[in-house]
Amino acid sequence: MNPVRIIERKRDGEANTPEEIKFVVDAAAGSGQMSEAQLAAWCMAVVLRGMNLDETANLTAAMAASGETVDLTGLPKPWVDKHSTGGVGDKTTLVLLPVLAACGLTCVKMSGRGLGKTGGTIDKLESVPGFRTALSIEEMISQAKDIGLALTSQTPRLTPADGTLYALRDVTGTVRSIPLIASSVLSKKIAGGADIISIDLKCGSGAFMETLPEARELAETMIGIATRLGLKLGIEITEMDQPLGRCVGNRLEVIEAAEVLQGAPGRLRDLCVELGSTALEMAGMSSGKVAEVLDSGAALAKAEEWFEAQGADVKLSDVKDLPKAQFFYEISAPQSGWVKRVDAGMVGEAAVDLGAGRRAKGDNVDPLVGIEVLAQVGDRIEAGQPVFRIHAASEAKQDLSRAIEFVEPETPALPLILGQLSTE
Ligand code: URA
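These numbers were taken from a predicted model, which means no experiment stands behind them.

## Focus on the site of the ligand
Now for step 1: Around the ligand sit Tyr166, Arg169, Ile181, Ser184, Val185, Lys188 and Phe208, and those are all the residues in its vicinity.
Now for step 2: Within the side chain of Arg169, an N or O atom sits 2.9 Å from an oxygen atom of the ligand.
Now for step 3: At 2.6 Å from a nitrogen atom of the ligand is found a side-chain nitrogen or oxygen belonging to Ser184.
Now for step 4: For the ligand, whose free accessible area comes to 240 Å², the fraction covered by protein is 87%.
Now for step 5: Residue assignment for the shell around the ligand shows that the elements contributing at least two residues are helix H8 (160-170) and helix H9 (178-191).
Now for step 6: A per-class count over the shell around the ligand returns 4 nonpolar, 1 polar and 2 charged.

So this is what it looks like as structure tokens:
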């Protein structure tokens, strides 16, 4: 195999063969047969020329096989992995994992840290004193056997090729490519061992995919890969033009997830019920069970078991009593009107400025800071009513005036679900 020829063929818009793709993936996993410069050049050629579905499926399968895979044999079926492509205020995993486990599914999940405006589940859980986010594969399986769920940060033992390629893409302007994103996400899901994969594909100003046509293209690519590789995949394209729920910021989001697990209503609960119901339907179970375990306290009890198993020093329902950020202030509506827009991208950027997220890999995050968003699209707000509540580490004030827009006459709430696709 000639690495330069593989890159040139992609550069010229040809399809790479399965053998060529495996050669690239083996190199990313450490074979030494391509330099980092060559791997990055190949990624850029893919960004510019794309890949057909067969190539993308071959890339996904090769990346999934580039390291170990989690073997869930012996654990109660079905095995479900839930994944979100990331958004502002997206704490659905903290609710859905215990919900699905309380419904009798086995959930073993690897999560990432946040980068830029979209937060990461690992950062949220690390805001809870004692919570261990780095479980070994063996610990994960053993915990899932005991309580039905386990969550860990990514380990280089799984999909090492994706680890190398993602780090290179991050610094070479090659993240935004549908075949590269789809193969990166699905290879990790395959290596995670689940037999049902449920994806929440976020779309809007607070997400990777800002427009519906882009989100649909990514969803269709993932379905195409799943069909070729025999995976059971359900995708929901969900609204991410406004932050999800009330809180943006690590510990604040854990507190809000606890509220939903204790029965609080609202858009976050509605989304979790929707996503959870779809996962249960794919597992051949009754979708009504999701609301039932939220209302009965069974999901909260499962979440408390989970927190204890992963070493949390406090109960999930007591996280609200932990220390808060040092400074606190509210921003009020300058006028009365119907809320037409709460810009998730701007709120996410403001949360990063406060220290809730990182600009570059390796930056520290402040677990306590963040923003409570007190108005949603479709709400009627009176002049002077608080619309944002800021939790900060310093007295410097955030200007969020351009992140919210008021209009007359009445504006409807945004739809929660923008599209649904599945391999069924
Ligand atoms: N998330 C991933 O895991 N991979 C990508 O390429 C983009 C988002």
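Don't stop here, the text continues.
## A closer look at the sheet that holds strand E5 (residues 232-239)
Now for step 1: On the basis of which strands lie adjacent, the open sheet formed by 6 strands has the order E3-E2-E1-E4-E5-E13 and mixed pairing. Of all strands in the sheet, those with a lone pairing partner are strand E3 (149-153) and strand E13 (417-422), marking the two edges. Across the sheet, the mean angle separating the axes of adjacent strands is 15° when strand polarity is ignored.
Now for step 2: By the bridge criterion, 5 bridges tie strand E2 (residues 106-111) to E3 in an arrangement that is parallel. Across the sheet, Ser111 pairs through a bridge with Ser153, a residue of E3.

## Digging into the side chain of Thr238
Now for step 1: Locating Thr238 in the fold gives a position in strand E5.
Now for step 2: Within polar-contact distance, the side chain of Thr238 engages the side chain of Asp200 at 2.6 Å.
Now for step 3: Once you skip the residues sitting within four places of it in the chain, Thr238 turns out to touch Asp200, Leu201, Lys202, Cys203, Leu271, Leu416, Ile417 and Leu418.

## Topic: the packing of helix H3 (residues 36-49) against H8
Now for step 1: Close contact between H3 and H8 brings their axes to 10 Å; oriented N to C, the two are set at 75°. Classified by the angle their axes make, H3 and H8 are roughly perpendicular. Between H3 and H8, the residues in contact are Glu36, Leu39, Ala40 and Cys43 and Thr164, Leu165, Leu168 and Arg169, respectively.
Now for step 2: Residues belonging to the contact of H3 with H8 are distributed by class as follows: 5 nonpolar, 1 polar and 2 charged.

## Some details on empty space enclosed by the protein
Now for step 1: In this structure the tally under the stated criterion is 3 cavities of 30 Å³ or more.
Now for step 2: Volume-wise, the largest cavity comes out at about 130 Å³.
Now for step 3: Forming the walls of the largest cavity are 20 residues, and the residues nearest its centre are Lys117, Thr118, Gly119, Ala356 and Gly357.
Now for step 4: Listing elements by their share of the lining of the largest cavity, those giving two or more residues are helix H6 (121-126), helix H11 (250-261) and helix H15 (344-354).
Now for step 5: Counted by class, the lining of the largest cavity contains 5 nonpolar, 11 polar and 4 charged residues.
Now for step 6: Looking at the lining of the largest cavity, you find at least three residues from each of domain 2 (79-156 + 173-319 + 418-422) and domain 3 (323-407).
Now for step 7: Taken together, Arg251, Leu252, Ile255, Pro323, Lys324, Ala325, Pro367 and Leu368 form the lining of the second largest cavity.
Now for step 8: Residue composition of the lining of the second largest cavity, by class: 6 nonpolar, no polar and 2 charged.

## Digging into the domain arrangement of the protein
Now for step 1: Domain assignment breaks the protein into domain 1 (3-50), domain 2 (79-156 + 173-319 + 418-422) and domain 3 (323-407).
Now for step 2: A C-alpha centroid distance of 24 Å is found between domain 2 and domain 3.
Now for step 3: Of the residues lining the interface, 23 residues belong to domain 2; the matching set on domain 3 comes to 28 residues.
Now for step 4: Between domain 2 and domain 3, the buried area comes to about 1,900 Å², and carbon and sulfur atoms account for 56% of it.

The rules behind each value
Along each chain, numbering runs from 1 in the same order as the chain's sequence is written. With pLDDT at 70 or above as the cut-off, local features in this predicted model cover only qualifying residues; side-chain atom pairs require 80 or more to be listed or tallied, and sums for whole chains, interfaces and linings still use all residues. For side-chain calculations, the full set of non-hydrogen atoms in the structure is used, while hydrogens and water are omitted. The cutoff for a nearby residue is simple: one of its non-hydrogen atoms must lie within 4 Å of the molecule or strand. Pairing of N or O atoms within 3.5 Å defines a polar contact, subject to two protein rules: one partner must be a possible hydrogen donor and the other a possible acceptor, and residues neighboring in sequence count only if both atoms are side-chain atoms. Computed with a 1.4 Å probe, the accessible areas rest on the Shrake-Rupley method; for each residue, only the protein chains presented here act as cover. The helix and strand labels rest on DSSP assignments: H or I over at least four residues marks a helix, E over at least two residues marks a strand, and numbering proceeds from the N terminus. Residues are grouped as follows: Ala, Val, Leu, Ile, Met, Phe, Trp, Tyr, Cys and Pro are nonpolar; Asp, Glu, Lys and Arg are charged; all remaining types, including Gly, are polar. Strands qualify as paired when DSSP identifies two bridges or more between them. The angle between two axes is taken between their N-to-C directions and runs from 0 to 180 degrees, where each axis is a line fitted to C-alpha atoms and a helix contributes only its stretch in contact. Residue contacts are defined here by distance: any two heavy atoms, one from each residue, within 4.5 Å place the two residues in contact. Any angle that falls under 35 degrees is termed roughly parallel, while one over 145 is termed roughly antiparallel, one within 65 to 115 roughly perpendicular, and all others oblique. A cavity here means a set of points on a 1 Å grid, drawn over the protein atoms and nothing else, where a 1.4 Å probe fits but cannot get out; a pocket is an open set with protein on both sides within 12 Å along at least five of seven lines, and a residue lines either one if it has an atom within 4 Å of a point. Grid points are joined across faces, edges and corners, and a volume is the space filled by probe spheres set on the points. Where each domain starts and ends follows an automatic or database-derived domain assignment. When two parts are brought into contact, each loses some accessible area as probed by a 1.4 Å sphere; the total of that loss over both is the buried area.

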